[in-house]
Amino acid sequence: AIDSAKGFVDLMDLSKHRVGIVDYSSATGTFPLGTNKDAVKNYVSTLKASGGTATGLAIREATELLANHRPEAQPVIVLLTDGDATESEDKTMNGYQYALAKANDAKQEGIVFYTIALLKSNADPNTSGPNLLLKEMATTAHHHHFVLGSVGLSDIYAAIVQEIGLASAYNVVVKDIVSPEFEIVPGSYDNNI
């Protein structure tokens, strides 16, 4: 995971983008937004897995980190986790509910949200709680990925980094006004594109 994250940073065009990190267990650490690849990769090298999984807190911190983004920039969160959301700052919500609430807050602020679930190699992605939660947290189902073990993680990062910064539209509804010279015949379009 650490090697893949450093590879993700290497793929980024930091003449156009900035990158920051919020790492978390029961608490969070933050590396501020910047363009120094070596400094970011050195920070990633120091990360260690331990403690609980404060996913909601990390999302809140990432949202705050992105609050001062450049006006022309599209803020993006890429969330990678191997665990259940277990911690909540809100006593009325469990870890899952709090993480989902913070993800929805971030999306309401216009942040594009990618999620990657690092599942155990024998996990069933269709029933895995963390996988289902992360899928719901992502901007769309297309923005969610999972890996069994860590196989394919670098490929996922490579695909995401190519999308970041591209103008995209999601859940689009196209409406067309038919001019009065045409008549729509009910049933004529049922089996046609």
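Residues numbered from 1 in each chain as written. Predicted model: local features only at pLDDT ≥ 70, side-chain atom pairs only at ≥ 80, totals over all residues. Heavy atoms only, no water.

Q: Give me the lowdown on the packing of aromatic side chains, citing residues and values where you can.
A: Applying the stated rule across the entire model yields two aromatic pairs. Relative to Tyr157, the ring of Phe8 lies with its centre 4.9 Å away and its plane at 45°, an arrangement referred to as tilted. Taken together, the residues Phe8 in helix H1 (residues 2-11) and Tyr157 in helix H6 (residues 153-163) connect sequence positions 149 residues apart. As far as burial versus exposure is concerned, Phe8 and Tyr157 are alike and both buried. Seen in terms of ring centroids, Phe31 and Tyr43 are 5.3 Å apart; in terms of plane orientation they differ by 45°. Their pairing is tilted. A residue pair is termed long-range when its members are at least 10 positions apart, and Phe31 in strand S2 (residues 28-34) and Tyr43 in helix H2 (residues 37-45) qualify at 12 residues. Neither Phe31 nor Tyr43 differs from the other in exposure class; each is buried. (Phe/Tyr/Trp six-rings, centres within 6.5 Å; stacked < 30°, edge-to-face > 60°. Helix = DSSP H or I, 4+ residues; strand = E, 2+ residues; numbered from the N terminus. Buried < 20%, exposed > 50% of the residue type's maximum accessible area, 1.4 Å probe, protein only.)

Q: Tell me what's going on with the nonpolar core, and back it up with residues and numbers.
A: Counting residues in hydrophobic clusters, the biggest one holds 22 residues, and the most contacted among them are Phe8, Met12, Ile21, Val40, Ile116, Tyr157 and Ile160. Among the elements of the structure, H1, strand S1 (19-24), H2, strand S4 (112-119) and H6 are those that each provide at least two residues to this core. For this core, the element with the most residues is H6, which contributes five residues. Apart from residues no more than four positions distant in its own chain, Met12 is found in contact with His17, Arg18, Val19, Lys37 and Val161. By size, the runner-up hydrophobic cluster in this structure holds 20 residues, among which are Tyr24, Ala58, Ala103 and Met137. (Core = buried A, V, L, I, M, F, W, Y, C linked by side-chain atoms within 4.5 Å. Contact = heavy atoms within 4.5 Å.)

Q: Account for the environment of His142, naming residues and giving values.
A: Along the chain, the position of His142 falls in the loop between helix H5 (129-137) and strand S5 (144-148). Linking His142 and Thr115, residues 27 residues apart in sequence, is a C-alpha distance of 9.7 Å.

Q: Go over helix H4 (residues 95-108), please, and point to the residues and values.
A: Across its 14 residues, H4 extends 20 Å between first and last C-alpha, which sits within 8% of the 20 Å expected from 1.5 Å per residue. Taken residue by residue, H4 has Gly95, Tyr98, Ala99, Leu100, Lys102, Ala103 and Ala106 as its buried positions. Contacts made by the buried residues of H4 are with helix H3 (55-66), strand S3 (76-81), S4 and H5. Where H4 starts, the residue carrying a side-chain oxygen 3.0 Å from the main-chain nitrogen of Tyr96 turns out to be Asn94. Among the residues trailing H4, Gly110 stands out with phi positive, at a value near 90°. (Expected span 1.5 Å × (residues − 1). Polar contact = N/O pair within 3.5 Å; in protein donor to acceptor, adjacent residues only side chain to side chain.)

Q: Run through the sheet that holds S4, naming residues and quoting values.
A: Pairing within the open sheet is parallel, and its three strands lie in the order S3-S4-S5. Each end of this open sheet is capped by a strand with a single partner; those strands are S3 and S5. Ignoring strand direction, the axes of neighbouring strands in this sheet form an average angle of 15°. Note that S4 and S5 share five bridges and pair parallel. If you follow Leu119 over to S5, its bridge partner there is Leu148. Along the sheet, H6 contacts S3, S4 and S5; its crossing angle with S4, the most-contacted strand, is approximately 175°. (Pairing = 2+ DSSP bridges. Axes fitted to C-alpha atoms, helices over the stretch in contact; angles between N-to-C directions.)

Q: Please provide a residue-by-residue account of the side chain of Thr81, values included.
A: Here Thr81 shows up in strand S3. Polar contacts involving the side chain of Thr81 include one to the side chain of Tyr24, which spans 3.5 Å. With sequence-adjacent residues up to four places away left out, Thr81 is seen in contact with Tyr24, Thr53, Ile116, Ala117, Leu118 and Leu134.

Q: Describe the packing of H4 against H5, and please don't skip the residues or the numbers.
A: Across the interface, H4 lies against H5 with an axial gap of 9 Å and an inter-helix angle of 20°. Between H4 and H5, the interaxial angle falls into the category roughly parallel. In terms of crossing hand, the pair formed by H4 and H5 is right-handed. Together, Tyr96, Ala99, Leu100, Ala103 and Lys107 of H4 and Gly129, Pro130, Leu133, Glu136 and Met137 of H5 make up the contact between the two elements. Tallied by class, the residues present in the contact of H4 with H5 amount to seven nonpolar, one polar and two charged. (Parallel < 35°, antiparallel > 145°, perpendicular 65-115°, else oblique. Left-handed = near helix turned anticlockwise from the far one by under 90°. Nonpolar A, V, L, I, M, F, W, Y, C, P; charged D, E, K, R; others polar.)

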